[in-house]
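Descriptive structure summary
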Amino acid sequence: MPFRLKPHKPYSFFIEHTERSGSRLLADQLHEQLVNEAHRPIVLVCIGSDRSTGDSLGPLVGTFLEERRIRNLHVYGTLTKPVHALNLVETLHEIQTRFHQPLIIAIDACLGRLSSVGYVFFSEGPLAPGAGVQKELPAVGAYNIKAVVNVSGFMEMMILQNTRLHLVYELARFITEGFVDFDSRIGRLHHEEAAITRLRQSRDESKS
């Protein structure tokens, strides 16, 4: 069952990946929170490494999104070109240089309570990548998506490395479908705005 936390800042929403129509519900929340920012370039930073099963969620999401050929979102972090601890600062600098006022959404795996495993969290505010495994990295994003892939505990790097690929894969697919739906909605919005602009220009020309 999806839940939206009681109205207060910062915004947060969470849902289990097995929830029926869950990806559509995630897309609903993405649209509700970001539709007023759609004029800005929306950049997804999919953080992680394919060298660790649990940490491969971000690169899997980035790869799946590239395969779906989304048109209105920009993706960094794939299995071919992952974004991780060694190149995160460089990647963020590249994004700020390439785009004007980008809206960054960070996507990463995390560890949590047993009852939270399999849940996806969409929250306002930056992500602190590597915090669960004692790495100091810059905070990323105006919003973030975290997927709980396993239970936190002792030797968390080992836990990530021994996380089931099936769960990580299913979580990545779930998140991907949410963003594909959201991408199509943003595309329709841009199309409608372009049509309105053309109509106004046509009216102005007819008056002159």
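Only a predicted model underlies this, so the values are computations on that prediction, with no experimental measurement involved.

Overview of the overall build of the protein chain
- A tally of regular secondary structure across the protein chain gives five helices and seven strands.
- The buried share among the 208 residues of the protein chain stands at 48%.
- Long-range pairs, those at least 24 residues apart, make up 70% of the contacts in the protein chain with a sequence separation of at least 6.

Quick word on the side chain of Ser23
- By secondary structure assignment, the location of Ser23 is in helix 1 (residues 22-34).
- Residues contacting Ser23, with those up to four places away along its chain left out, are Phe174, Glu177 and Gly178.

Some thoughts on helix 3 (residues 88-98)
- Buried within helix 3 are the following residues: Leu88, Thr91, Leu92 and Ile95. Seen from one end, helix 3 has its buried residues packed into an arc of 100°, which puts them on one side. Across from the buried face of helix 3, at angles greater than 90 degrees, the exposed residues are Val89, Glu90, His93 and Thr97.
- Each element contacted by the buried residues of helix 3 is listed here: strand 3 (42-46), strand 4 (73-76) and strand 5 (103-112).

Digging into the pairing of strand 6 (residues 119-124)
- Across five bridges, strand 2 (residues 12-16) lies against strand 6 in antiparallel orientation. Bridge assignment links Ser12 to a residue of strand 6, and that residue is Ser123.
- Pairing between strand 6 and strand 7 (residues 143-151): five bridges, direction antiparallel. Bridge pairing in strand 7 links Glu124 to Tyr143.

Some words on the layout of surface pockets
- In this structure, the second largest pocket spans a volume of roughly 250 Å³.
- Taken together, 13 residues form the lining of the second largest pocket, with Tyr76, Gly77, Lys81, Pro82 and Val83 sitting closest to its centre.
- Sorting the residues of the lining of the second largest pocket by element identifies strand 4 and helix 3 as the ones contributing at least two each.
- The element best represented in the lining of the second largest pocket is helix 3, accounting for three residues.
- For the lining of the second largest pocket, a count of residues per class yields four nonpolar, five polar and four charged.

Some thoughts on the pattern of salt bridges
- Tallied over the full model, the rule gives five salt bridges.
- A salt bridge links Asp28 to Arg24, with the shortest nitrogen-to-oxygen separation between them at 3.3 Å. Residue Asp28 and its partner Arg24 are located together in helix 1, separated by four residues, close to a single helical turn.
- Where salt bridges share partners, they join Arg24, Asp28, Asp181 and Arg185 into one cluster.

Description of the environment of Ala106
- Mapped onto the elements of the fold, Ala106 is located in strand 5.
- Expressed as a C-alpha distance, the spacing of Ala106 and Leu44, which sit 62 residues apart in the sequence, is 5.9 Å.
- Those residues in contact with Ala106, other than ones at most four positions away along the chain, are Val45, Ile47, Leu127, Val140, Tyr143, Asn144 and Ile145.

Let's talk about the packing of aromatic side chains
- Enumeration according to the criterion identifies five aromatic pairs in this entry.
- Grouping aromatic residues by their ring pairs yields a cluster made of Tyr11, Phe122 and Tyr143.
- Positioned above the aromatic ring of Phe64 is the side chain of Arg173, whose terminal nitrogen or guanidinium carbon lies 3.8 Å from the ring centre.

The rules we used
- Residues numbered from 1 in each chain as written.
- Predicted model: local features only at pLDDT ≥ 70, side-chain atom pairs only at ≥ 80, totals over all residues.
- Heavy atoms only, no water.
- Helix = DSSP H or I, 4+ residues; strand = E, 2+ residues; numbered from the N terminus.
- Buried < 20%, exposed > 50% of the residue type's maximum accessible area, 1.4 Å probe, protein only.
- Contact = heavy atoms within 4.5 Å.
- Arc of directions from axis to C-beta.
- Pairing = 2+ DSSP bridges.
- 1 Å grid on protein atoms, 1.4 Å probe; cavity = no way out; pocket = protein on both sides within 12 Å on 5 of 7 lines; lining within 4 Å.
- Points joined across faces, edges and corners; volume = space filled by probe spheres on them.
- Nonpolar A, V, L, I, M, F, W, Y, C, P; charged D, E, K, R; others polar.
- Salt bridge = Lys/Arg side-chain N within 4 Å of Asp/Glu carboxyl O.
- Phe/Tyr/Trp six-rings, centres within 6.5 Å; stacked < 30°, edge-to-face > 60°.
- Lys NZ or Arg CZ within 6 Å of the ring centre and 35° of its normal.

Note that all results are geometric; they support no functional claim without further evidence.
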